[in-house]
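Here are the chains, one letter per residue:
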Amino acid sequence: MISEQAARTQELVSRQQIADVIHTYCLHVDRNEPEQVAALFTADCVVDYGPGLGGEIAGAAGLAAALTPGLARFAATHHQVSNVMIALESTDRATAVTYVTAWHRFPGEAPDAVLYGQYHDVFVRHHGRWKIAQRKLLAAGQTGFNVEWLPIGRKR
Amino acid sequence: MISEQAARTQELVSRQQIADVIHTYCLHVDRNEPEQVAALFTADCVVDYGPGLGGEIAGAAGLAAALTPGLARFAATHHQVSNVMIALESTDRATAVTYVTAWHRFPGEAPDAVLYGQYHDVFVRHHGRWKIAQRKLLAAGQTGFNVEWLPIGRKR
Amino acid sequence: MISEQAARTQELVSRQQIADVIHTYCLHVDRNEPEQVAALFTADCVVDYGPGLGGEIAGAAGLAAALTPGLARFAATHHQVSNVMIALESTDRATAVTYVTAWHRFPGEAPDAVLYGQYHDVFVRHHGRWKIAQRKLLAAGQTGFNVEWLPIGRKR
């Protein structure tokens, strides 16, 4: 049995490691590196960017395949995340909600598009490394996109 | 007396818990849940969103009453916070400055409004739970709003 | 020799202190306080905001001299940072990549400018205090600026 002190430190380290995965995702997305993005997910992950982007994507391989054309359609992107809220369910499983403001530039003359969203994630730890097992993207709002998003469920 | 090691860990945990309150505030604001927002504040809190929004609001109950129409006037909002700077004054009291980019969509045709602001907060811990005792919103700038804000005090 | 437990806590504290320097930079920039900004850097720092802003700046004194007119040309700014990714190389040296969305208002009628960028930093610790030894600003994109930036290196 580890001490309470060691357990609290381990929790803080897990939070930092999970946040780093969330940040590394953005870095690879914005560099248009679909394989490196997919490597942050479990092999059997489930990812849903919303109905406008095709709904549920199954598996890291499927994610890489979807992101390859998905990222290439932009000339530039910038995914700034914060408000990272992590709930540790065990030493090897966590849920997280993260805010994202995602700026997108298209090739040509189309105006820039911005998504004001939330990632709702499940993380698991395999062999000491945190990976994303589930990711769902919800939208608070957007400008410049002409696709359907999952709503955040704002009260009326 | 606790060890220095335990005290440092406790400080890190307090920082994480305070940041989580700041993030949870945004989540409930953006879901239009005024009662859940107010529950993050002390009963005798003082909140000031600036002269354009009525100046000082007294108490969590007063805050819930002010936020009910205040949030309902928007069709959607997204409060992305970061730059969280926490100064722990004791084990049960802290100050914090947090940056916010707050995107607002109005019903109808009015253009979106964005506030580039800073929350200047005082936190206290009661019964093991951090709450906001004071919050003041300062504005670095804005687009689309037609109300007066408290300035951040930029040097001329 | 310190215990592994103490070493892990020290790492977490270093991460928090480095993030605080990154945040304090923004606070002083947005308050137009060039001397306080420069005090966050080592005396022999190297800073590069890109070719459009003059390329490499040498030393904290040179940085203060460059920032004095550089910040004064704006009526207001707001530098919101997040995605802070810190790699600790030793107890006294670290690298960090940080995302920034930097909003700028000009005096007069020019439209606001926004930079979607990344700070690529080297931090060192002197006398127990973390300072920025190197900072390079890369741009994912921008609106409203008419200057050349260093690119983030997005794959084609």
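Keep in mind that what you see is a predicted model, and the values were worked out from it rather than measured. (Residues numbered from 1 in each chain as written. Chains lettered and ligands numbered in written order. Predicted model: local features only at pLDDT ≥ 70, side-chain atom pairs only at ≥ 80, totals over all residues. Heavy atoms only, no water.)

Peer 1: What exactly am I supposed to notice about the packing of helix α1 (residues 4–30) of chain B against helix α1 (residues 4–30) of chain C here?
Peer 2: Between two packed helices, both the angle of their axes relative to each other and the distance between the axes serve to describe the pair. Where α1 of chain B contacts α1 of chain C, the two axes come as close as 10 Å, and the packing angle between them is 40°. The pairing of α1 of chain B with α1 of chain C is recorded here as oblique in orientation. Along this stretch, α1 of chain B crosses α1 of chain C, giving a crossing that reads as left-handed. Of α1 of chain C, the residues touching α1 of chain B (which contributes Gln 5, Arg 8, Thr 9, Leu 12 and Arg 15 of chain B) are Gln 5, Ala 6, Thr 9, Gln 10, Leu 12, Val 13, Gln 16 and Asp 20 of chain C. (Axes fitted to C-alpha atoms, helices over the stretch in contact; angles between N-to-C directions. Helix = DSSP H or I, 4+ residues; strand = E, 2+ residues; numbered from the N terminus. Parallel < 35°, antiparallel > 145°, perpendicular 65-115°, else oblique. Left-handed = near helix turned anticlockwise from the far one by under 90°. Contact = heavy atoms within 4.5 Å.)

Peer 1: In this structure, what is going on with the relation of the copies chain C and chain B? I would like to understand it.
Peer 2: A rotation about some axis, followed by a shift along it, carries one copy of the chain onto the other. Least-squares fitting of chain C to chain B yields an RMSD of 0.0 Å, with the superposition described by an axial translation of 0.0 Å and a rotation of 120°. Given the turn and translation reported, the copies of this chain are related as if by a three-fold rotation axis. Across chain C, the smallest distance between a C-alpha and the rotation axis is recorded for Ser 82 of chain C, namely 3.4 Å. (Least-squares fit on C-alpha atoms with pLDDT ≥ 70 in both.)

Peer 1: Can you walk me through the side chain of His 23 of chain B in this structure?
Peer 2: Among the secondary structure elements, His 23 of chain B is positioned in helix α1. Looking at His 23 of chain B, the relative accessible area reads 8%, which means it is buried. Residues contacting His 23 of chain B, with those up to four places away along its chain left out, are Asn 83, Val 84 and Met 85 of chain A together with Val 81 of chain B. (Buried < 20%, exposed > 50% of the residue type's maximum accessible area, 1.4 Å probe, protein only.)

Peer 1: Even after reading the chapter, I still don't get α1 of chain C, so can you show me in this structure?
Peer 2: Counting along an α-helix, one turn takes 3.6 residues, and residues three or four places apart therefore face a common direction. Residue and element names in this part refer to chain C. If you check α1, its first and last C-alpha atoms are 40 Å apart, about what 27 residues at 1.5 Å a residue would give, namely 39 Å. Counting buried positions along α1 gives 20 out of 27 residues, so the element sits mostly inside the fold. With its phi angle positive at about 60°, Asn 32 sits one or two positions after the end of α1. (Expected span 1.5 Å × (residues − 1).)

Peer 1: Is there a simple way to think about the pattern of salt bridges in this case?
Peer 2: Scanning all chains against the criterion turns up 15 salt bridges over all chains. Glu 33 of chain B is paired through a salt bridge with Lys 155 of chain A; the nearest N and O atoms lie 2.3 Å apart. One end of the pair, Glu 33 of chain B, is in the loop between α1 and α2 (34–38); the other, Lys 155 of chain A, is in the segment after β7 (150–151), on a second chain. The exposure class assigned to Glu 33 of chain B is buried, which follows from its relative accessible area of 7%. We note a salt bridge from Asp 112 of chain C to Arg 105 of chain C, for which the minimum N-O separation is 2.9 Å. (Salt bridge = Lys/Arg side-chain N within 4 Å of Asp/Glu carboxyl O.)

Peer 1: Mind showing me how you'd approach the interface of chain A and chain B here?
Peer 2: Contacts between the two partners involve 28 residues from chain A, matched on the other side by 29 residues from chain B. For the chain A and chain B pair, buried surface summed over both sides reaches about 2300 Å², with 49% attributable to carbon and sulfur atoms. Ranking the residues of chain A by area buried against chain B places Arg 8, Tyr 99 and Arg 154 of chain A at the top, with a combined share of 27%. Joining chain A to chain B, the criterion identifies one salt bridge. Joining chain A to chain B, the criterion identifies 18 residue pairs in polar contact (both at pLDDT 80 or more). Put simply, the parts of the chain that give the side of chain A that touches chain B at least two residues each are α1 (4–30), β3 (76–90), β4 (93–105), β5 (113–126) and β6 (129–143) of chain A. Sort the elements by how many residues they give to the side of chain A that touches chain B and β3 of chain A lands first, with seven residues. Each residue belonging to the side of chain A that touches chain B can be placed in one class, and the counts come to 11 nonpolar, 12 polar and five charged. (Buried area = accessible area lost by both parts, 1.4 Å probe. Polar contact = N/O pair within 3.5 Å; in protein donor to acceptor, adjacent residues only side chain to side chain. Nonpolar A, V, L, I, M, F, W, Y, C, P; charged D, E, K, R; others polar.)

Peer 1: What am I meant to see in the environment of Arg 135 of chain A here?
Peer 2: All names here are of chain A. With respect to the helices and strands, Arg 135 occurs in strand β6. Take Arg 135: its relative accessible area is 1%, and that puts it in the buried class. Put simply, Arg 135 and Phe 123 are 12 residues apart on the chain and 8.9 Å apart in space, counted from C-alpha to C-alpha. Not counting chain neighbours up to four residues away, the residues in contact with Arg 135 comprise Ile 22, Tyr 25, Phe 41, Val 46, Val 47, Asp 48, Tyr 119, His 120 and Asp 121. Reaching out from Arg 135, the side chain makes a polar contact with the side chain of Asp 121 at a distance of 2.7 Å.

Peer 1: Teacher, can you tell me more about the confidence of the model for chain A here?
Peer 2: Any segment with low pLDDT has predicted coordinates that should not be analysed in fine detail. Of all residues in chain A, 99% attain a pLDDT of 70 or more, and the chain-wide mean is 97. Of the two predicted TM-score estimates for the complex, the pTM is 0.98 and the ipTM is 0.97. (pLDDT = per-residue confidence, 0-100.)

Peer 1: In this structure, what is going on with the environment of Pro 111 of chain A? I would like to understand it.
Peer 2: Tracing the sequence through the fold places Pro 111 of chain A in the loop between β4 and β5. Distance from Pro 111 of chain A to Gly 144 of chain A, taken between C-alpha atoms, is 6.5 Å for residues 33 residues apart in sequence.

Peer 1: For this particular structure, what's the right way to read the state of the cysteines?
Peer 2: Structurally, a disulfide amounts to a covalent bond that connects the sulfur atoms of two cysteines. Residue and element names in this part refer to chain B. All told, the structure shown has zero disulfides over all chains when counted by the stated rule. Cysteine Cys 26 shares no disulfide, and the gap to the nearest cysteine sulfur, in Cys 45, comes to 16 Å. Judged by its relative accessible area of 0%, Cys 26 falls in the buried class. (Disulfide = S-S within 2.5 Å.)

Peer 1: Which parts of the structure should I look at to understand the interface of chain C and chain B?
Peer 2: When the parts come together, some accessible area is lost, and that loss is often what is quoted as the size of the interface. With 29 residues of chain C in contact, the opposing surface of chain B contributes 28 residues. The largest share of the area that chain C buries against chain B comes from Arg 31, His 78 and Gln 80 of chain C, three residues that together contribute 24% of it. Where chain C touches chain B, the interface holds one salt bridge. In this assembly, chain C and chain B are joined by 18 residue pairs in polar contact (both at pLDDT 80 or more). Mapped by element, the contributors of at least two residues to the side of chain C that touches chain B are α1, β3 (76–90) and β4 (93–105) of chain C. Among the elements that make up the side of chain C that touches chain B, the one with the highest residue count is α1 of chain C (13 residues). A class-by-class count of the residues in the side of chain C that touches chain B yields 11 nonpolar, 12 polar and six charged.

Peer 1: I tried to follow the side chain of Ser 14 of chain A on my own but got confused; where do I start?
Peer 2: All names here are of chain A. With respect to the helices and strands, Ser 14 occurs in helix α1. Look at Ser 14 and you get buried, because its relative accessible area is 3%. In this structure Ser 14 touches Leu 88, Arg 125 and Trp 130, once residues within four positions along its chain are discounted.

Peer 1: Can you walk me through the packing of aromatic side chains in this structure?
Peer 2: Geometry of an aromatic ring pair is reported as the spacing of the ring centres plus the angle between the planes. In total, this model carries 18 aromatic pairs over all chains according to the counting rule given. Seen from their ring centres, Tyr 25 of chain A and Phe 41 of chain A are 6.0 Å apart, and the 65° between their planes marks the pair as edge-to-face. One end of the pair, Tyr 25 of chain A, is in helix α1; the other, Phe 41 of chain A, is in strand β1 (residues 41–48), and 16 residues separate them in sequence. The class for Tyr 25 of chain A is buried, based on a relative accessible area of 3%. Ring centres 5.4 Å apart and planes at 45° place the aromatic pair Phe 74 of chain B and Phe 106 of chain B in the tilted group. Taken as a pair, Phe 74 of chain B in the loop between α3 (59–72) and β3 (76–90) and Phe 106 of chain B in the loop between β4 (93–105) and β5 (113–126) lie far apart in primary sequence, 32 residues in all. Comparing Phe 74 of chain B with Phe 106 of chain B shows no difference in burial state: the two are buried. (Phe/Tyr/Trp six-rings, centres within 6.5 Å; stacked < 30°, edge-to-face > 60°.)

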